[in-house]
Amino acid sequence: MAPTIEVLQAGPAATDSELALAKSLGLPLTDRPEADFILQINDHALELRATGKDSPGPLRVDFSDPKFARRADESLKKQNLGKAIGLKTLPSPRVLDATAGLGADAYLMAMAGCSVTLLERSPIVAALLQDGLDRGLSRGLNRAAQRESEASATALTNGLRRMQLLQTDFMEFPAPSGDYDVVYLDPMFPTDARSARSKKPMYVLQQLLVSDQDAQEEAGLLEKARKIAVRRVVVKRARLSPLVPGPEPDIQFKGSSSRFDVYLTGSG
């Protein structure tokens, strides 16, 4: 059963932003929420909050978060993600992130110089992600104009400009063969409740997008990705998750909690 979602009206009268948000997503606007999830505009940022008992706090996309900066400052070539997408042999690949989610990996790829097209089929998740991109770009431009940490502000701005978000389903996306060097897939692999709850974004998204993907659908994603990618398809999985049904990966890069299965489609 699909969860219910409402837009929360913060004051006695709805703001233009709240009205526009509810209209764009086709959601009810209320000041007395009764739904499973609430979307709200708080401190100029879009937030998603689960209303159930013991649910974690609000979720928002914030690319200026120090945790992103720390990872982006590290050489992606030395990380499993960078190795998987082939940065050693192709410094600035054109990447299609076919299941973007909240955009964390796409952001790291863009900050490393990749041109990244992000696809997200959930209108709710896409709205959160677009809000994060817009705020991050605005903040970077403001900081650069004020010459506050100008180098890092410029890097953030340039990275976000290399990210283009489309709210669409990958399986319906008419991607011409040859447009993307790498197709990146991060299907929402199952995690146990304790592990998911410890990672707020994963827990909230799994509750929101319950039963959103299955093995058969993942196989379809991989099959289409292999037809599109010029060089390789990269599938992110939990370290012990089964392979996506289909051919065996050519290369695997394993970390402590996740792994990257690489399927070569051309020059590697």
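Scroll up for the structure.
I will try to describe carefully the structure that is included in this document. Predicted, not measured: the structure shown is a model, and the values here were computed from it.

Parameters at a glance
Residues numbered from 1 in each chain as written. Predicted model: local features only at pLDDT ≥ 70, side-chain atom pairs only at ≥ 80, totals over all residues. Heavy atoms only, no water. Helix = DSSP H or I, 4+ residues; strand = E, 2+ residues; numbered from the N terminus. Buried < 20%, exposed > 50% of the residue type's maximum accessible area, 1.4 Å probe, protein only. Pairing = 2+ DSSP bridges. Axes fitted to C-alpha atoms, helices over the stretch in contact; angles between N-to-C directions. Contact = heavy atoms within 4.5 Å. Core = buried A, V, L, I, M, F, W, Y, C linked by side-chain atoms within 4.5 Å. Salt bridge = Lys/Arg side-chain N within 4 Å of Asp/Glu carboxyl O. Phe/Tyr/Trp six-rings, centres within 6.5 Å; stacked < 30°, edge-to-face > 60°. Lys NZ or Arg CZ within 6 Å of the ring centre and 35° of its normal. Arc of directions from axis to C-beta.

## Section: the overall build of the protein
- Looking only at helices and strands, the protein features 9 helices and 11 strands.
- Relative to its full complement of 268 residues, the protein shows a buried share of 46%.

## Here's the deal with the sheet that holds strand E8 (residues 182-185)
- If you walk across this open sheet you meet the 7 strands as E7-E6-E5-E8-E9-E11-E10, and the pairing is mixed. If you trace the sheet from one side to the other, it starts and ends with strand E7 (163-166) and strand E10 (251-254), each paired once. On average, adjacent strands in this sheet sit at an angle of 20 degrees to one another, irrespective of strand direction.
- Alignment of strand E9 (residues 232-238) against strand E11 (residues 258-264), held across 7 bridges, turns out to be antiparallel. Pairing of Val234 across the sheet is with Val262, part of E11.
- Relative to strand E6 (residues 115-119), helix H4 (residues 104-111) is tilted by about 165 degrees, and along the sheet it contacts strand E5 (94-97), E6, E7, E8 and E9.

## So, the nonpolar core
- The biggest cluster of nonpolar side chains holds 52 residues, and the ones touching the most others in it are Leu39, Phe63, Met109 and Met163.
- Take this core: its biggest share by element is 6 residues, from helix H5 (residues 123-145).
- Setting aside its immediate chain neighbours within four residues, Met109 contacts Leu76, Leu81, Ile85, Val95, Asp97, Cys114, Val116 and Tyr184.
- Formed by 18 residues, the second largest nonpolar core is a distinct cluster that contains Val183, Leu222, Ala225 and Ala229.

## Looking at the environment of Phe253
- Within the element layout of this structure, Phe253 appears in strand E10.
- Separated by 14 residues in sequence, Phe253 and Arg239 place their C-alpha atoms 9.5 Å apart.
- Contact partners of Phe253, with chain neighbours within four places excluded, come to Asn80, Lys83, Ala84, Ser258, Arg259, Phe260 and Val262.

## Things to note about the pairing of E9
- Summarising burial for E9: 7 of the 7 residues are buried, a large majority.
- Burial along E9 is two-sided: the residues Arg232, Val234, Lys236 and Ala238 and Val233, Val235 and Arg237 are all buried.
- Of the strand pairs in this sheet, E8 and E9 are connected by 4 bridges, and their pairing is parallel. Within E9, the residue paired with Val182 across the bridge is Arg232.

## Overview of the pattern of salt bridges
- In total, this model carries 9 salt bridges according to the counting rule given.
- We note a salt bridge from Arg121 to Glu217, for which the minimum N-O separation is 2.7 Å. One end of the pair, Arg121, is in the loop between E6 and H5; the other, Glu217, is in helix H9 (residues 215-228), and 96 residues separate them in sequence.
- We classify Arg121 as partly exposed; its relative accessible area is 27%.
- Linked through salt bridges whose partners overlap, the residues forming this network are Arg121, Asp169 and Glu217.

## Looking at the packing of aromatic side chains
- In this structure the tally under the stated criterion is 1 aromatic pair.
- Judged by centre distance (5.0 Å) and plane angle (20 degrees), the ring pair of Phe63 and Tyr107 falls under stacked. Linking Phe63 in the loop between strand E4 (45-50) and helix H2 (66-73) with Tyr107 in helix H4, this pair joins segments that are 44 residues apart in sequence.
- Judged by its relative accessible area of 2%, Phe63 falls in the buried class.
- Positioned above the aromatic ring of Phe170, the side-chain terminus of Lys224 is 5.0 Å from the ring centre.

## A look at the sheet that holds strand E1 (residues 5-8)
- Reading across the sheet, the 4 strands line up as E2-E1-E3-E4 and stay open at both edges, with mixed pairing between neighbours. Here the strands that pair on one side only, and so sit at the sheet edges, are strand E2 (29-30) and E4.
- One ladder, built from 6 bridges, connects strand E3 (residues 37-42) with E4; its direction is antiparallel. The partner of Ile38 across the bridge, within E4, is Arg49.
- Together, E1, E2, E3 and E4 form the strand contacts of helix H1 (residues 16-25), whose direction differs from that of E3 by roughly 145 degrees.

## Description of H1
- Of all the residues in H1, the buried ones are Glu18, Leu21, Ala22 and Leu25. Here the buried residues of H1 occupy an arc of 95 degrees about the axis, which is enough to place them on one side. H1 presents Asp16, Lys23 and Ser24 as exposed residues on the side facing more than 90 degrees away from its buried surface.
- Where H1 ends, the next residue or the one after it, Gly26, has phi of about 65 degrees, a positive value.

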